[in-house]
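Here are the chains, one letter per residue:
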Amino acid sequence: LEWENPTGSMKDRMALAVIAAAEKDGRLPPGGTVVEYTGGSTGASLALVCAARGYRIRIVTSDAFSREKLDQMRAYGAELTLVPSEGGLTTKKLILDMIEAARVLSREPRTFWTDQLNNSDSIAGYFPLGEEIWEQTNGAVDAFVHAVGTGASSRGVATVLKQRKPGVRIGVVEPAESAVLGG
């Protein structure tokens, strides 16, 4: 029941893991700023964790994403930088522009860029979910199928399930409009 997480998203797990790891190894100094690019759920989860831990959060996003997600990120304290879309569409150019805008913001002093697509801590954030699935099914898992965005949640859960049962089958489903894993 991942919708029972504080923001209504499983991304809360990833956000906490990424921030905790950055605190632990010094990439995120006390009172620092966190930067990320996102369409919503990751941003809301990061904003909530940052609010709870006393960090400033700057999210690069776009008018291509739902007003509700933008409002949710703001409600948790995120400062939004909006990158204009082409007709409200999520295109490769838009995502690359958002990444570049986040890169620019990340160069400011005392700033940590979570960089979700390149941060292995985001995958580790889902290891507990894999453990919960294993425990709650008493190991009776033959396959795990999951809808993906960046793929971090599937990779985290799959890592745990494969360690427990190497023959378990893993399937991922992604939208054609945002085929991160498929290209």
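For the structure, see preceding data.
Quick look at the structure, then. Per chain, residue numbering runs from 1 following the sequence as it is written. Local features in this predicted model are restricted to residues whose pLDDT is 70 or higher, and side-chain atom pairs enter the listing and the counts only when it is 80 or higher, whereas totals over whole chains, interfaces and linings include all residues. In computing side-chain properties, one takes all heavy atoms of the structure into account and sets aside hydrogens as well as water.

**A few points about the nonpolar core**
Turning to step 1, where the next piece is worked out: Throughout, nonpolar core names a set of buried Ala, Val, Leu, Ile, Met, Phe, Trp, Tyr and Cys residues whose side chains join them through atoms within 4.5 Å. Each residue's exposure class comes from its accessible area (1.4 Å probe, protein chains only) as a fraction of the maximum for that residue type: buried when under 20%, exposed when over 50%, partly exposed otherwise. Formed by 31 residues in total, the largest nonpolar core has its most connected members in Ile19, Leu28, Val34, Ile57, Ile133 and Leu161.
Turning to step 2, where the next piece is worked out: Core analysis: the second largest hydrophobic core is formed by 12 residues, Tyr37, Ala64, Phe65 and Leu94 among them.

**What about the pairing of strand 3 (residues 79-83)?**
Residues in a regular strand project their side chains so that they alternate between the two faces of the sheet.
Turning to step 1, where the next piece is worked out: Two strands pair when backbone bridges link them, and strand 2 (residues 56-62) and strand 3 are joined in this way by 5 bridges, in the parallel orientation. By the bridge assignment, Thr61 is partnered in strand 3 with Leu82.
Turning to step 2, where the next piece is worked out: Read from strand 2 through helix 3 (residues 67-75) to strand 3, the crossover connection turns out right-handed. DSSP bridges decide pairing: two strands pair if at least two such bridges lie between them. Only DSSP runs of H or I covering at least 4 residues are called helices, and only runs of E covering at least 2 are called strands; the numbering of each starts at the N terminus. Throughout, right-handed denotes a crossover for which the path from the first strand over the helix to the second runs clockwise when the strands point away from the viewer.

**Quick word on the pairing of strand 6 (residues 169-173)**
Turning to step 1, where the next piece is worked out: As judged from the 5 bridges shared by strand 5 (residues 143-147) and strand 6, these two strands associate in the parallel manner. Directly across from Ala147, in strand 6, lies its bridge partner Val173.
Turning to step 2, where the next piece is worked out: Following the backbone out of strand 5, through helix 7 (residues 152-164) and into the adjacent parallel strand 6, one traces a crossover that is right-handed.

**Observations regarding the layout of surface pockets**
The gaps of empty space that remain are located by a probe, the size of a water molecule, rolled over the atoms.
Turning to step 1, where the next piece is worked out: Think of a 1 Å grid over just the protein atoms. A cavity is a set of points where a 1.4 Å probe fits yet cannot get out, a pocket is an open set with protein on both sides within 12 Å along at least five of seven lines, and lining residues have an atom within 4 Å of a point. Grid points are joined across faces, edges and corners, and a volume is the space filled by probe spheres set on the points. A volume near 180 Å³ is recorded for the second largest pocket.
Turning to step 2, where the next piece is worked out: Around the second largest pocket, the lining is made up of 17 residues, and of these Met10, Lys11, Tyr126, Gly149 and Ser153 lie nearest the centre.
Turning to step 3, where the next piece is worked out: When residues are sorted by character, Ala, Val, Leu, Ile, Met, Phe, Trp, Tyr, Cys and Pro go into the nonpolar class, Asp, Glu, Lys and Arg into the charged class, and all the rest, Gly among them, into the polar class. Taken together, the residues of the lining of the second largest pocket sort by class into 6 nonpolar, 10 polar and 1 charged.

**Examining the packing of helix 2 (residues 41-53) against helix 3**
Turning to step 1, where the next piece is worked out: Where helices are involved, their axes are fitted lines through C-alpha atoms of the stretch in contact, as for all axes, and angles between N-to-C directions lie from 0 to 180°. Direction vectors running N to C along helix 2 and helix 3 enclose 10°, while the axes themselves pass 8 Å from each other. Overall, the two elements helix 2 and helix 3 adopt an arrangement that is roughly parallel. Facing Ser41, Gly43, Ala44 and Ala47 of helix 2, the residues of helix 3 in contact are Lys69, Gln72 and Met73.
Turning to step 2, where the next piece is worked out: Looking at the contact of helix 2 with helix 3 residue by residue, the classes come out as 3 nonpolar, 3 polar and 1 charged. Just so you know how the angles are binned, under 35 degrees is roughly parallel, over 145 roughly antiparallel, 65 to 115 roughly perpendicular, and the rest oblique. Here, residues are in contact when the closest pair of their heavy atoms is within 4.5 Å.

**Some remarks on the packing of aromatic side chains**
Turning to step 1, where the next piece is worked out: When the centres of two rings from Phe, Tyr and Trp lie within 6.5 Å, Trp using its six-membered ring, the rings pair. Their planes under 30 degrees apart give stacked, over 60 give edge-to-face, and anything left gives tilted. Under the criterion given, the structure shown has 1 aromatic pair.
Turning to step 2, where the next piece is worked out: Ring centres of Tyr37 and Trp113 lie 6.3 Å apart, and the angle between their planes is 65°; this geometry places the pair in the edge-to-face category. Of this pair, Tyr37 sits in strand 1 (residues 33-37) while Trp113 is found in strand 4 (residues 111-113), placing the two residues 76 residues apart along the sequence.
Turning to step 3, where the next piece is worked out: Classification of Trp113 by relative accessible area gives buried; the value is 15%.

**A short note on the pattern of salt bridges**
Turning to step 1, where the next piece is worked out: When a carboxyl oxygen of Asp or Glu is within 4 Å of a side-chain nitrogen of Lys or Arg, the pair counts as a salt bridge. Enumeration according to the criterion identifies 13 salt bridges in this entry.
Turning to step 2, where the next piece is worked out: Asp121 is the salt-bridge partner of Arg27, the closest N and O atoms lying 2.7 Å from each other. Taken as a pair, Arg27 in the loop between helix 1 (11-25) and strand 1 and Asp121 in helix 5 (residues 120-124) lie far apart in primary sequence, 94 residues in all.
Turning to step 3, where the next piece is worked out: Judged by its relative accessible area of 34%, Arg27 falls in the partly exposed class.
Turning to step 4, where the next piece is worked out: Glu100 is the partner of Arg103 in a salt bridge, and the nearest nitrogen-oxygen pair spans 3.1 Å. Here Arg103 pairs with Glu100, and both are found in helix 4 (residues 92-106), just 3 residues apart, close to one helical turn.
Turning to step 5, where the next piece is worked out: Looking at Glu100, the relative accessible area reads 36%, which means it is partly exposed.

**Some thoughts on the environment of Arg58**
Turning to step 1, where the next piece is worked out: Inspection of the secondary structure puts Arg58 in strand 2.
Turning to step 2, where the next piece is worked out: Owing to a relative accessible area of 15%, Arg58 belongs among the buried residues under this scheme.
Turning to step 3, where the next piece is worked out: Remark: the alpha-carbon pair of Arg58 and Glu132, spanning 74 residues in sequence, is separated by 32 Å.
Turning to step 4, where the next piece is worked out: Those residues within four positions of Arg58 in sequence are excluded, and the remaining contacts are Thr33, Val34, Val35, Glu36, Glu79, Leu105 and Glu108.
Turning to step 5, where the next piece is worked out: At 3.0 Å, the side chain of Arg58 and the side chain of Glu108 are in polar contact. Polar contacts here mean pairs of N or O atoms no more than 3.5 Å apart (in protein, one a potential hydrogen donor and the other a potential acceptor; neighbouring residues in sequence count only if both atoms are side-chain atoms).

These figures come from the coordinates and say nothing about function on their own.
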